[in-house]
Amino acid sequence: MKIKTLALELEQMAMQKGWKEVTAMIAPHHHGDLLESLDVTDAAEFARRLANGEGCISCGTYNADSWHAGHYRTTAAASQLRFHHDNIHLQCHSCNVHKSGNIELYRINLVKKIGETRILSLENNNDTHRYSREELSTIRATARAELRALKQLVAV
Ligand SMILES: [Zn+2]
């Protein structure tokens, strides 16, 4: 189960489409925070689970006010990689927002994580792909199912 990427995708989707659309598939009552929708009270614990034991992809911190879906190649530059798992990693607010992705450190740590070959394939990926309604609904259906599993996991 790809819990980490699922949560990141949901957050990224929310950034693109707004929480209103995303939360409709998560919970009936939502206030703009994935943590709330998951009924997780300990944000640090949630972040730890989200990163599967890892911290921010760029600076490595385990403590952040908020966590973002950090895209190695931005959705503006490479929208075809928006949902590509190699392209999305947990990132702290400081790196994501204030350091424009902190991309130099991002790359260094990404090499350690997925290897040079897979990074090059991201960097050389210039496919233009527009998601169809069907593809998006498949992605959402998968996310919905995995999110249910995630809720059960964090409820333990
Ligand atoms: Zn960071």
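For the structure itself, look to the data block above.
Being a predicted model, the structure only gives us computed values, none of them experimental.

Engineer: Which parts of the structure should I look at to understand the coordination of the zinc ion?
Structural biologist: Working reference: metal with six octahedral donors, ideal angles 90 or 180 degrees; metal with four tetrahedral donors, ideal angle 109.5 degrees. In this structure, Cys56 (SG), Cys59 (SG), Cys92 (SG) and Cys95 (SG) serve as the protein donors to the zinc ion, at separations of 2.3 to 2.4 Å. Given four donor atoms and angles of 105 to 114 degrees at the metal, the environment of the zinc ion is assigned as tetrahedral. Each donor residue of the zinc ion belongs to the same chain, and together they define the spacing C-x2-C-x32-C-x2-C. A residue pair is termed long-range when its members are at least 10 positions apart, and cysteine 59 in the loop between helix H4 (43–50) and strand S1 (67–71) and cysteine 95 in helix H5 (residues 93–98) qualify at 36 residues. Accessibility expressed as a relative area gives 0% for cysteine 95, which makes it buried.

Engineer: Would you take a moment to explain the packing of helix H6 (residues 103–114) against helix H7 (residues 116–123) for this structure?
Structural biologist: Packed helices, taken two at a time, are described by the angle between their axes plus the distance between the axes. Contact pair H6 / H7: the axes reach a minimum separation of 7 Å and the direction vectors enclose 120 degrees. When the interaxial angle is binned, H6 and H7 end up oblique. For the pair H6 and H7, contact is made by Arg107, Leu110, Val111 and Ile114 and by Glu116, Arg118, Ile119, Leu120, Leu122 and Glu123, respectively. Of the residues assigned to the contact of H6 with H7, the class counts are six nonpolar, no polar and four charged.

Engineer: Help me out: how do you make sense of the pattern of salt bridges in this one?
Structural biologist: If the charged atoms of two oppositely charged side chains come close together, the side chains can form a pair. The tally for this structure, following the rule as stated, stands at three salt bridges. When the shortest N-O distance is used, the salt bridge between arginine 107 and glutamate 123 registers 2.9 Å. Here arginine 107 is found in helix H6, whereas its partner glutamate 123 is found in helix H7, with 16 residues between them in sequence. Judged by its relative accessible area of 23%, arginine 107 falls in the partly exposed class.

Engineer: Mind showing me how you'd approach the pairing of strand S2 (residues 88–92) here?
Structural biologist: Consecutive side chains of a regular strand alternate in pointing toward one face of the sheet and then the other. Within S2, five of the five residues are buried, which leaves it mostly tucked inside the rest of the structure. Across five bridges, S1 lies against S2 in antiparallel orientation. The residue bridging glycine 70 from the neighbouring strand is histidine 89, located in S2.

Criteria and cut-off values
- Residues numbered from 1 in each chain as written.
- Predicted model: local features only at pLDDT ≥ 70, side-chain atom pairs only at ≥ 80, totals over all residues.
- Heavy atoms only, no water.
- Donors = N, O, S within 2.8 Å, 3.2 Å for Na, K, Ca; no water.
- Tetrahedral: all angles 85-135°; square planar, octahedral: opposite > 155°, others 65-115°.
- Helix = DSSP H or I, 4+ residues; strand = E, 2+ residues; numbered from the N terminus.
- Buried < 20%, exposed > 50% of the residue type's maximum accessible area, 1.4 Å probe, protein only.
- Axes fitted to C-alpha atoms, helices over the stretch in contact; angles between N-to-C directions.
- Parallel < 35°, antiparallel > 145°, perpendicular 65-115°, else oblique.
- Contact = heavy atoms within 4.5 Å.
- Nonpolar A, V, L, I, M, F, W, Y, C, P; charged D, E, K, R; others polar.
- Salt bridge = Lys/Arg side-chain N within 4 Å of Asp/Glu carboxyl O.
- Pairing = 2+ DSSP bridges.

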